[in-house]
Amino acid sequence: MSTNTNIPILYSFRRCPYAMRARLAIANSTIKVELREIVLRNKPQALLDASPKGTVPVLLLADTIIDESLDIMYWALSINDPNNWLSTPLKEDIQQLIQWNDGDFKYYLDRYKYADRYPDNDALFYRAQAERFINELENRLSKFSFLCSNHCCLADMAIFPFIRQFANVDPEWFQGSQYQHLNHWLKQQIESELFIAIMEKYPIWKAEDAPILLKLRSV
């Protein structure tokens, strides 16, 4: 079925933390986009044609394609940043924290979650390595309401989906751990209207389907 080419198209996978962060920014910015929910084990050719690396999220605009989650966040917030996620003098700190999350922490998070695929060490070893980042966040949240200050910013929204993934590997351990400030912060994000909106379930996209729009935050 034909699509309104004036509306950006977002390829997404509901449970992917990179896709989550993109949807968070788009929904918060109240930008209308067509959502195409995919299954990673059966990627549609239209996605591969747009971005041969085959990862999500991918955003199709009239004149360009954005296939990095942070770039999609910046794109959305450059159009509309109603909660001032970008308006902070701590830009360097925010960038460094996100780089740590996306680099070293994500490396050990994957091995903690899928320890059977990485038999060189056990899950507890990988968790301990990931906890270096977790400790950093806990320390920050013992001083502030959010990761970089008392104001929610890009770092909180970019990092939160990965902490949710870390917590879900062993929820009982995480909830009973010493990371109580992080538990509280995570609970706030999970229970937020914005997160509930972007986690709505959608049918898997097929080329013949009528367009489905991503649910946005209430204005």
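Residues numbered from 1 in each chain as written. Predicted model: local features only at pLDDT ≥ 70, side-chain atom pairs only at ≥ 80, totals over all residues. Heavy atoms only, no water.

J.: Describe the overall build of the chain, and please don't skip the residues or the numbers.
T.: When helices and strands are tallied, the chain shows nine helices and four strands. If you list the helices and strands of the chain from N to C, you get β-α-β-α-β-β-α-α-α-α-α-α-α. Dimensions of the chain, computed from C-alpha atoms along their principal axes, come out at roughly 50 × 40 × 30 Å. Among the 219 residues that make up the chain, the fraction classed as buried is 48%. Partitioning the intrachain contacts of the chain with sequence separation of at least 6 by distance along the chain shows that 70% fall at a separation of at least 24. (Helix = DSSP H or I, 4+ residues; strand = E, 2+ residues; numbered from the N terminus. Buried < 20%, exposed > 50% of the residue type's maximum accessible area, 1.4 Å probe, protein only. Contact = heavy atoms within 4.5 Å.)

J.: An account of the environment of Ala 167 is requested, with residue identities and associated values reported.
T.: Inspection of the secondary structure assignment puts Ala 167 in helix α6 (residues 154-169). Measuring from C-alpha to C-alpha, the distance between Ala 167 and Leu 186 comes to 9.0 Å, with 19 residues separating the pair along the chain. Every residue in contact with Ala 167, bar those within four places of it in the chain, is listed here: Phe 174 and Leu 186.

J.: Account for the packing of aromatic side chains, with residues named and values stated.
T.: The full count for this structure, using the stated rule, is 14 aromatic pairs. Between Tyr 18 and Phe 162 the ring centres are 4.9 Å apart and the planes differ by 75 degrees, which places this aromatic pair in the edge-to-face class. Of this pair, Tyr 18 sits in helix α1 (residues 17-28) while Phe 162 sits in helix α6, and the two are 144 residues apart along the sequence. Residue classification places Phe 162 among the buried residues on the basis of a relative accessible area of 0%. Considering the side-chain rings of Phe 166 and Trp 173, the 6.1 Å spacing of their centres and the 75 degrees angle between planes classify their relative orientation as edge-to-face. Judged by its relative accessible area of 22%, Trp 173 falls in the partly exposed class. Linked through ring pairs, Trp 100, Phe 105, Tyr 112, Phe 133, Phe 166, Trp 173, Phe 174 and Tyr 179 together constitute an aromatic cluster. Directly above the ring of Tyr 118 sits Arg 111, whose terminal nitrogen or CZ lies 4.3 Å from the centroid. Its end group placed over the ring of Tyr 114, Arg 117 keeps NZ or CZ at 4.0 Å from the ring centre. (Phe/Tyr/Trp six-rings, centres within 6.5 Å; stacked < 30°, edge-to-face > 60°. Lys NZ or Arg CZ within 6 Å of the ring centre and 35° of its normal.)

J.: Quick one: what's the story with unusual backbone geometry, residue by residue and with numbers?
T.: For the peptide bond that leads from Val 56 to Pro 57, omega is 5 degrees, which places it in the cis range. The residue Pro 57 is located in the loop between α2 (45-50) and β3 (58-60) in this model. In this model, Thr 30 sits at a positive phi of 55 degrees, which is unusual for a non-glycine residue. Considering the arrangement of structural elements, one finds Thr 30 in the loop between α1 and β2 (34-37). Overall, Thr 30 belongs to the partly exposed group, its relative accessible area being 27%.

J.: Lay out the pairing of β2 with the relevant residues and their values.
T.: Neither face of β2 is exposed, since Glu 34 and Arg 36 on one face and Leu 35 and Glu 37 on the opposite face are all buried. Judged from the four bridges that link them, strand β1 (residues 9-12) and β2 form a sheet pairing that is parallel. From the neighbouring strand, Ile 9 faces β2, where its bridge partner is Glu 34. The parallel pair β1 and β2 is bridged by α1, and the resulting crossover is right-handed. (Pairing = 2+ DSSP bridges. Right-handed = clockwise from strand over helix to strand, strands pointing away.)

J.: Any details on the sheet that holds strand β4 (residues 65-66)? Residues and values, ideally.
T.: Pairing is mixed across the open sheet formed by four strands, whose spatial order is β2-β1-β3-β4. What marks the edges here is a single partner per strand, and that holds for β2 and β4. Relative to β3, β1 runs antiparallel, the two sharing three bridges. Following the sheet pairing, Tyr 11 is matched in β3 by Val 58.

J.: Outline the nonpolar core, supporting the account with residue identities and numerical values.
T.: Ile 26, Phe 105, Ile 159, Ile 163, Leu 182 and Trp 185 are the most contacted members of the largest nonpolar core, which totals 59 residues. It is α6 that provides the largest number of residues to this core, a total of 10 residues. Dropping the residues within four chain positions of it, Leu 182 is found in contact with Ile 134, Leu 137, Glu 138, Leu 141, Ile 163 and Phe 174. Core analysis: the second largest hydrophobic core is formed by 12 residues, Ala 19, Leu 47, Ala 50 and Val 58 among them. (Core = buried A, V, L, I, M, F, W, Y, C linked by side-chain atoms within 4.5 Å.)

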